[in-house]
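# Summary of structural features
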Amino acid sequence: MDRTFVACKPDAVERGLAGEIIARFERKGLKLVAAELRTIDRSTAEKHYEEHASKPFFGELVDFITRGPAMLCVFEGPEDTWKVVRTLMGATNPKEAAPGTIRGDLGILMTENLVHGSDGPESAQREIGIFFPNL
Ligand code: IDP
Ligand code: MG
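A brief look at the structure comes next. Owing to the predicted nature of the structure, the values given are computational and were not obtained by experimental measurement.

## A short note on the site of ligand 1
- If you check the shell around ligand 1, you find Lys9, Tyr49, His52, Phe57, Leu61, Arg86, Thr92, Arg103, Met110, Thr111 and Asn113 and nothing else.
- Within the side chain of His52, one N or O atom sits 2.9 Å away from an oxygen atom of ligand 1.
- Asn113 has a polar side-chain atom sitting 2.8 Å from an oxygen atom of ligand 1.
- When isolated, ligand 1 has an accessible area of 530 Å², and the protein chains bury 79% of it.
- Put simply, ligand 1 lies in the largest pocket.
- Here the shell around ligand 1 is built from residues that sort into four nonpolar, four polar and three charged.

## Structural notes on the sheet that holds strand β2 (residues 31-38)
- The strand order across the open sheet formed by four strands is β2-β3-β1-β4, and the pairing between neighbours is antiparallel. The open sheet has two edge strands, β2 and β4 (115-117), and neither has a second partner. In this sheet, neighbouring strand axes are inclined to one another by 20° on average, regardless of whether the strands run parallel or antiparallel.
- Direction of pairing for strand β1 (residues 2-8) relative to strand β3 (residues 70-77): antiparallel, over a ladder of seven bridges.

## Observations concerning helix α7 (residues 121-131)
- Listed as buried for α7 are Ser123, Ala124, Glu127, Ile128, Ile130 and Phe131. What you see down the axis of α7 is that its buried residues fit within an arc of 160°, all on one side. When the buried face of α7 is taken as reference, the exposed residues oriented beyond 90 degrees from it are Glu122 and Gln125.

## Side note on the nonpolar core
- By size, the foremost hydrophobic cluster in this structure holds 19 residues, and its most contacted members are Val6, Cys8, Ile21, Phe25, Phe75, Leu114 and Val115.
- Those elements giving two or more residues to this core turn out to be β1, α2 (18-28), β3, α5 (81-89) and α6 (102-106).
- Broken down by element, the residue count for this core peaks at four residues, all from α2.
- Once residues within four sequence positions are removed from consideration, Phe75 is found in contact with Asp2, Arg3, Thr4, Val6, Ile22, Phe25, Glu26, Leu30, Lys31, Leu32 and Thr81.
- Judged by nonpolar contacts, the second largest core, of 17 residues, contains Ala7, Ala34, Ala45 and Tyr49.

## Here's the deal with the side chain of Thr4
- Checked against the element boundaries, Thr4 lands in strand β1.
- Classification of Thr4 as buried rests on a relative accessible area of 0%.
- Not counting the four nearest positions on each side in its chain, Thr4 is found in contact with Cys73, Val74, Phe75, Thr81, Trp82, Val85, Ser118, Ala124 and Ile128.

## Structural notes on empty space enclosed by the protein
- All told, the structure shown has one cavity of 30 Å³ or more when counted by the stated rule.
- Of the voids in this model, the largest cavity is the one considered here, and its volume is about 30 Å³.
- Lining the largest cavity, in full, are Phe5, Ala7, Ile40, His48, Tyr49, Ile65, Leu72, His116 and Phe131.
- For the lining of the largest cavity, a count of residues per class yields seven nonpolar, two polar and no charged.

The rules behind the values
Residues numbered from 1 in each chain as written. Chains lettered and ligands numbered in written order. Predicted model: local features only at pLDDT ≥ 70, side-chain atom pairs only at ≥ 80, totals over all residues. Heavy atoms only, no water. Near = heavy atom within 4 Å. Polar contact = N/O pair within 3.5 Å; in protein donor to acceptor, adjacent residues only side chain to side chain. Areas by Shrake-Rupley, 256 points an atom, 1.4 Å probe, with all protein chains shown as cover. 1 Å grid on protein atoms, 1.4 Å probe; cavity = no way out; pocket = protein on both sides within 12 Å on 5 of 7 lines; lining within 4 Å. Sits in = over half its atoms within 2 Å of the grid points. Nonpolar A, V, L, I, M, F, W, Y, C, P; charged D, E, K, R; others polar. Pairing = 2+ DSSP bridges. Helix = DSSP H or I, 4+ residues; strand = E, 2+ residues; numbered from the N terminus. Axes fitted to C-alpha atoms, helices over the stretch in contact; angles between N-to-C directions. Buried < 20%, exposed > 50% of the residue type's maximum accessible area, 1.4 Å probe, protein only. Arc of directions from axis to C-beta. Core = buried A, V, L, I, M, F, W, Y, C linked by side-chain atoms within 4.5 Å. Contact = heavy atoms within 4.5 Å. Points joined across faces, edges and corners; volume = space filled by probe spheres on them.

Now the structure itself:
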């Protein structure tokens, strides 16, 4: 089985949408194998998003992801689980995300786009290791 990392971001938890988001992945056929409601600390957030460290929005992104509890999850499926998750998430900018996707149905702002999913098998392994080192 193949695993990936998902986070229902603080905006999703604030709006009471963590259950809705998790349910969409479950209905697709993915299995929830780990979950924890946790406020991510700043150094963990900076490590998680290190690929964006040089971007102008990095500070704002770290402020956002650490502003309150996020629902951190690991999902498992038969293959390419990261890709299945990304398809259900929709485009990064919710204004461009297709209807039927999480971001397309539930969000408007790029800075409050509800959900994170690893973008490949290597980042899935890396991010599971950051957030669930004992898994
Ligand atoms: P992804 O979440 O779809 O993988 P990334 O390009 O990895 O998108 O960006 C990480 C997160 O950074 C996005 O989900 C979004 O919250 C934020 N972000 C990306 N681009 C911008 C931007 O241009 N302005 C503000 N925030 C951004
Ligand atoms: Mg990304």
